[in-house]
Amino acid sequence: VTTGDDQLQRWRADAMPLLESLLATTRIAMNALRTGPEAVSASWDQIREVANQGKQWLKARPCPDEAIGDELGRLIERCDRLAATFAHSVKNPASVNFDDLASRIRELGTGSVEFLAHLDP
């Protein structure tokens, strides 16, 4: 018989690759932003793919702790919104607000790091 704690521990371990992808996404996005419009254009679909994979993963593996699962869901949504913002900036480069994009990237990175801290038993 597995306890809820055992299930949560297993879920945490299974979630690590997704969290690593979210953290890597923040690095990719910030590097693209620093590099310029071509790099932003080249990276938006990669960011969206991480968000899509995250949504599918969470749907297939709901967290035994609903609050933790909801928190991860919000991180995945942030990643998805970041991809949408990058995609919009590709279509309309004049609309790009560097500070806004950088802020969204930092929010995803900070949220990911904070989530990892919450997961530590």
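Residues numbered from 1 in each chain as written. Predicted model: local features only at pLDDT ≥ 70, side-chain atom pairs only at ≥ 80, totals over all residues. Heavy atoms only, no water.

Colleague: Quick question: what am I supposed to make of the overall build of the protein chain here?
Modeller: In terms of regular secondary structure, the protein chain is built from four helices and zero strands. Here the C-alpha coordinates of the protein chain stretch approximately 60 × 25 × 20 Å along the principal axes. Burial statistics for the protein chain: of 121 residues in total, 39% are counted as buried. Distance between charge centroids for the protein chain: 4 Å, based on 14 positive and 18 negative side chains. (Helix = DSSP H or I, 4+ residues; strand = E, 2+ residues; numbered from the N terminus. Buried < 20%, exposed > 50% of the residue type's maximum accessible area, 1.4 Å probe, protein only. Lys, Arg positive; Asp, Glu negative; His and termini not counted. Charge placed at Lys NZ, Arg CZ, Asp CG, Glu CD.)

Colleague: Please explain the side chain of Asp-80 as it appears in this structure.
Modeller: Its place among the elements puts Asp-80 in helix H3 (residues 66-91). Owing to a relative accessible area of 16%, Asp-80 belongs among the buried residues under this scheme. Among the polar contacts made by the side chain of Asp-80, one reaches the side chain of Lys-55 at a distance of 2.9 Å. Setting aside residues no more than four positions away along its own chain, Asp-80 makes contact with Arg-48, Ala-51, Asn-52 and Lys-55. (Polar contact = N/O pair within 3.5 Å; in protein donor to acceptor, adjacent residues only side chain to side chain. Contact = heavy atoms within 4.5 Å.)

Colleague: Explanation requested: the nonpolar core in the structure shown.
Modeller: Grouped together as the largest cluster of nonpolar side chains are 31 residues, with contacts concentrated most on Trp-11, Leu-22, Leu-72, Phe-86 and Phe-115. Secondary-structure elements contributing two or more residues to this core are helix H1 (4-35), helix H2 (37-60), H3 and helix H4 (98-119). Element by element, the count of residues in this core is highest for H1, at ten residues. Once you skip the residues sitting within four places of it in the chain, Phe-86 turns out to touch Ala-29, Ala-32, Val-40, Ser-43, Trp-44, Ile-47, Leu-101 and Ile-105. (Core = buried A, V, L, I, M, F, W, Y, C linked by side-chain atoms within 4.5 Å.)

Colleague: Would you take a moment to explain the packing of aromatic side chains for this structure?
Modeller: To describe a pair of aromatic rings, one takes the distance between the centres and the angle between the planes. Summed over all chains, the structure comprises one aromatic pair. Both rings, one in Trp-11 and one in Trp-57, keep their centres 5.5 Å apart while their planes meet at 55°; by these two values the pair is tilted. A residue pair is termed long-range when its members are at least 10 positions apart, and Trp-11 in helix H1 and Trp-57 in helix H2 qualify at 46 residues. The exposure classification of Trp-11 matches that of Trp-57, with both residues buried. (Phe/Tyr/Trp six-rings, centres within 6.5 Å; stacked < 30°, edge-to-face > 60°.)

Colleague: Please clarify how H1 should be interpreted in this entry.
Modeller: Side chains of residues three or four places apart in an α-helix project in the same direction, reflecting 3.6 residues per turn. An ideal rise of 1.5 Å per residue puts 46 Å on 32 residues; H1 measures up with 46 Å between its terminal C-alpha atoms. Along H1, the largest kink reaches about 40° and is centred on Met-16; proline Pro-17 follows within four residues of it. Taken from the residues just after H1, Gly-36 is the one with a positive phi, measuring 135°. (Expected span 1.5 Å × (residues − 1). Bend = angle between axes of the 7 residues up to and from the residue.)

Limitation: the analysis is restricted to geometry and does not speak to function.
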